[in-house]
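Chain residues, written in single-letter form:
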Amino acid sequence: MKIDRSTELFRAACTVIPGGVNSPVRAFQAVGGNPLFIARAEGAYLEDADGNRYVDYIGSWGPMILGHNHPAVREAVLEALASGTSFGAPTEREVELARLVSEITGAQKIRFVNSGTEATMSALRLARGFTGRKLIVKFRGNYHGHADGLLVQAGSGLMTTSAQLGGSAPSSAGVPPEYASLTLVAEYNDPAGLRELMRERGDEVAAVIFEPVVGNAGVLIPTPEFLAALHAVREHGALLIADEVMTGFRLAPAGATERLGLEPDLICWGKVIGGGLPVGAYGGRAEIMNFVSPEGPVYQAGTLSGNPLAMAAGLATLRQLRAHPEIYASVDAYTEGLARGLQAAAHAFGIPVTINRIGSMLTVFFLEGAVNDYQDATRADTERFGRWFRSMLEQGVYWAPSQFESIFVSGAHGEQELEITLKAAQKAFSLL
Ligand code: PMP
C-alpha cells in the first residue's frame, strides 16, 4: 500500500499542528504508524490522499449513520449554503430541528451548541444552576468531551495518552486539582458503589452524568441493576444526565434512552444530530431547561450555535432516519453478523477475544473473559490489537485506531463490505 502523500502531509502537519492532528485519537498513537489523510468519502468507504480505498468503521466517530456523503444531506447543505453561511440571528431551521428532536426524544426544550463537549459542559452548568449544588458524579472510563471538570478518570484518547491516577485526580495537565475535586468518580456497572457514594455525598451532588452504553472505554453495556441504581440517584435530589452523544439517534430513533428504557432528567447529543457538521445539543423538561439564559440565570451562548448549514445537515439526517426506520434493523443485523464472523475467525486461529456489541456499536477486546467495566477493558492486549489493526488497514479495512473505542456501522454497509471485512479479519487473526 502506497501512502507517500499521507506521509508527506503528516510531516507537514506536524510542523504546524501539535502532533499533526486536531484530535488525539486520529494520531494512530495507540496502534503505531502515521495517520492517513483522507481526501473523500462515499457510502461505507473512505479514500485517502494516495487514492487507497477502505471500508470505513469510524463513520467520523459516530455521525455518519446514513453513510458518507448521503445525497439528502449533501443537497440540504447545498440548499442552505445558497442563502449564506451564518447570520448570528435565529433561523427557521433551528425551530424545525428542535421540534423534530423534541418529537423523537420527548425532550420538551432543546438548546443547540457546536459539539458534544459543549453539550455536556452546558448541561452540567445547568444542573448546578438548577439544584444549587456543586458536585458532579461521573464513571471511570466514561468520556464526556474535554471540559475541565470532565477530564477526570476519562476514557477515549486519555486511555492511551495518560496514566490514570486514582480518585478525583485530573487525567490531563492543565486541570486544577481543586476544580477536579468537584468531580466524584464511581465505577461503571457497580450499583452498590454508586449507592454507597450517593449515601455519603448525595445531598451535595448536582448531577450524575453517564454514557448509557459506553463507547469510550471500548463498548461496555450497562446491567439492569446498574441502570436501576442510576435512576435512584434522583431520590437524593441529583439530576440524571444521559450523555447520548454517541448513542443518540443511533441505538434507536430515541437512542439508548429508548432502547434501554431510561428516564434521564437531561440528555446530551452530538454526532448524528449534526449529520457530519458541528452540532451538539442538550435538552429535557421545560422546568429545568427554562433555567438557561436568556430565560433563566444559567449563562450559555455560541456565535455559531444553530448554524444554518449544520442545522440543515442535522435535519436531513434525522428526517432520513424517520422516513427509513428500517435502517436500525439493518445496521443491527450487519453488526451482529460482523460480531459472529469476527468471533469465529478469532476462534479458528486460537486468538482470545471478547466482543461487546449493541446495535451498530461494537468493540473486539483482545483478552479472555467478560468486559463490563474500565478495569476489565484495561486488561486488553493493546499491542496485539495494534498488529491486528495494521493488518486490517493494509487490507483496506479502516477500524477504529484504538482498543478503547467503538466502531460505528452505517446504513451504507452491506453484504459486500461484510465479506471484505471478514476476509481481512481472518487473515489478520491468522498473522497474530
Ligand atoms: N460524549 C461522548 C459520549 C462522546 O463519545 C464524545 C466524543 N467522542 C463527547 C461527549 C464529546 O463530543 P465532541 O467530540 O463532539 O466534543
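Residues numbered from 1 in each chain as written. Predicted model: local features only at pLDDT ≥ 70, side-chain atom pairs only at ≥ 80, totals over all residues. Heavy atoms only, no water.

Some points on the site of the ligand
Working step 1: Close to the ligand lie Ser115, Gly116, Thr117, Tyr143, His144, Gly145, Glu211, Asn216, Asp243, Val245, Met246 and Lys271.
Working step 2: The side chain of Asp243 places a nitrogen or oxygen atom 2.6 Å from a nitrogen atom of the ligand.
Working step 3: Measuring from a nitrogen atom of the ligand, one finds a side-chain N or O atom of Lys271 at 2.9 Å.
Working step 4: Protein chains bury 82% of the 390 Å² of accessible surface belonging to the ligand in isolation.
Working step 5: The class makeup of the residues in the shell around the ligand is three nonpolar, six polar and three charged. (Near = heavy atom within 4 Å. Polar contact = N/O pair within 3.5 Å; in protein donor to acceptor, adjacent residues only side chain to side chain. Areas by Shrake-Rupley, 256 points an atom, 1.4 Å probe, with all protein chains shown as cover. Nonpolar A, V, L, I, M, F, W, Y, C, P; charged D, E, K, R; others polar.)

Side note on the UniProt feature "modified residue: N6-(pyridoxal phosphate)lysine" (unreviewed entry) in the protein
Working step 1: The UniProt feature table records "modified residue: N6-(pyridoxal phosphate)lysine" (unreviewed entry) at Lys271.
Working step 2: If you trace the backbone, Lys271 turns up in the loop between β9 (266-269) and β10 (280-284).
Working step 3: Filtering out sequence-adjacent residues up to four positions away, Lys271 remains in contact with Trp61, Gly62, Pro63, Val245, Met246, Gly276 and Val279. (UniProt positions renumbered as here; feature names shortened; annotations may be inferred. Helix = DSSP H or I, 4+ residues; strand = E, 2+ residues; numbered from the N terminus. Contact = heavy atoms within 4.5 Å.)

Digging into helix α11 (residues 308-323)
Residues spaced three or four apart along an α-helix face the same direction, because each turn holds 3.6 residues.
Working step 1: Helix length check: α11 (16 residues) gives 22 Å between terminal C-alpha atoms against 22 Å at 1.5 Å per residue, within 8%.
Working step 2: Counting buried positions over the 16 residues of α11 gives twelve, a clear majority of the element.
Working step 3: Those residues of α11 that sit buried are Pro308, Leu309, Ala310, Met311, Ala312, Ala313, Gly314, Leu315, Ala316, Thr317, Leu318 and Leu321.
Working step 4: Buried residues along α11 sit in contact with α2 (71-81), α3 (92-105), β4 (109-113) and α12 (326-348).
Working step 5: Measuring from the side-chain oxygen of the N-cap residue of α11 to the backbone nitrogen of Leu309 gives 3.0 Å; that N-cap residue is Asn307. (Expected span 1.5 Å × (residues − 1). Buried < 20%, exposed > 50% of the residue type's maximum accessible area, 1.4 Å probe, protein only.)

A short note on the pairing of strand β5 (residues 135-139)
Consecutive side chains of a regular strand alternate in pointing toward one face of the sheet and then the other.
Working step 1: Counting buried positions over the five residues of β5 gives five, a clear majority of the element.
Working step 2: On β5, burial covers both faces: Leu135, Val137 and Phe139 on one face and Ile136 and Lys138 on the other are all buried.
Working step 3: Pairing of β5 with strand β7 (residues 205-210), which is carried by three bridges, proceeds in the parallel orientation. In the strand pairing of β7, Val137 is matched with Val208. (Pairing = 2+ DSSP bridges.)

Quick notes on the pattern of salt bridges
Any two side chains of opposite charge can pair, so long as their charged atoms come close to each other.
Working step 1: Tallied over the entire structure, the rule returns 15 salt bridges.
Working step 2: In this structure, the salt-bridge partner of Arg387 is Glu383, at a minimum N-O distance of 3.0 Å. With Arg387 and Glu383 both in helix α14 (residues 382-394) and four residues apart, the pair spans about one turn of that helix.
Working step 3: A single network of salt bridges, built from pairs that share partners, joins Arg234, Asp265, Arg285 and Glu287. (Salt bridge = Lys/Arg side-chain N within 4 Å of Asp/Glu carboxyl O.)

Here we look at the pairing of strand β12 (residues 361-365)
Working step 1: With five of five residues buried, β12 lies mostly within the body of the structure.
Working step 2: Pairing of strand β11 (residues 354-358) with β12, which is carried by five bridges, proceeds in the antiparallel orientation. For Ile355, the partnering residue across the bridge sits in β12 and is Val364.
Working step 3: From the end of β11 to the start of β12, which pair antiparallel, there are two residues, and Gly359 there has a positive phi angle of about 55 degrees.
Working step 4: Where β12 and strand β14 (residues 407-408) come together, two bridges link them in antiparallel fashion. Bridge pairing links Met361 to Phe408 in β14.

A word on the nonpolar core
Working step 1: Among the nonpolar cores identified, the biggest contains 75 residues, and Phe249, Leu338, Leu342, Trp388, Trp399 and Phe429 are the most heavily contacted of them.
Working step 2: Judged by nonpolar contacts, the second largest core, of 32 residues, contains Met159, Leu240, Val371 and Ala380. (Core = buried A, V, L, I, M, F, W, Y, C linked by side-chain atoms within 4.5 Å.)

Some words on the side chain of Thr317
Working step 1: In this fold, Thr317 is placed in helix α11.
Working step 2: Not counting residues up to four positions away in its chain, the partners in contact with Thr317 are Ile65, Leu66, Val73, Val272 and Gly275.

With respect to the packing of aromatic side chains
Working step 1: This model, assessed by the stated rule, comprises 16 aromatic pairs.
Working step 2: Pairing Tyr54 with Tyr398 gives two aromatic rings, centres 5.9 Å apart and planes at 90 degrees, and the pair type is edge-to-face. Placement of the pair is Tyr54 in strand β3 (residues 53-56) and Tyr398 in strand β13 (residues 397-398), with a sequence separation of 344 residues. Just as Tyr54 is buried, Tyr398 falls in that class too. (Phe/Tyr/Trp six-rings, centres within 6.5 Å; stacked < 30°, edge-to-face > 60°.)

What to know about the packing of helix α7 (residues 191-201) against helix α8 (residues 224-232)
Working step 1: As a packed pair, α7 and α8 sit with axes 8 Å apart at the nearest point and diverge in direction by 15 degrees. For the element pair α7 / α8, the angle class is roughly parallel. By crossing handedness, the relation of α7 to α8 is classed as left-handed. From α7, Pro191, Leu194 and Arg195 reach across to α8, where they touch Glu225, Phe226, Ala229 and Leu230.
Working step 2: Of the residues belonging to the contact of α7 with α8, the class tally is five nonpolar, no polar and two charged. (Axes fitted to C-alpha atoms, helices over the stretch in contact; angles between N-to-C directions. Parallel < 35°, antiparallel > 145°, perpendicular 65-115°, else oblique. Left-handed = near helix turned anticlockwise from the far one by under 90°.)

Things to note about the environment of Leu126
Working step 1: With respect to the helices and strands, Leu126 occurs in helix α4 (residues 116-131).
Working step 2: Classification of Leu126 as buried rests on a relative accessible area of 0%.
Working step 3: As a C-alpha pair, Leu126 and Ala80 span 46 residues in sequence and 31 Å in three-dimensional space.
Working step 4: In contact with Leu126, other than residues within four places in its own chain, are Leu266, Tyr282, Ile288, Met289, Phe291, Val292 and Val298.

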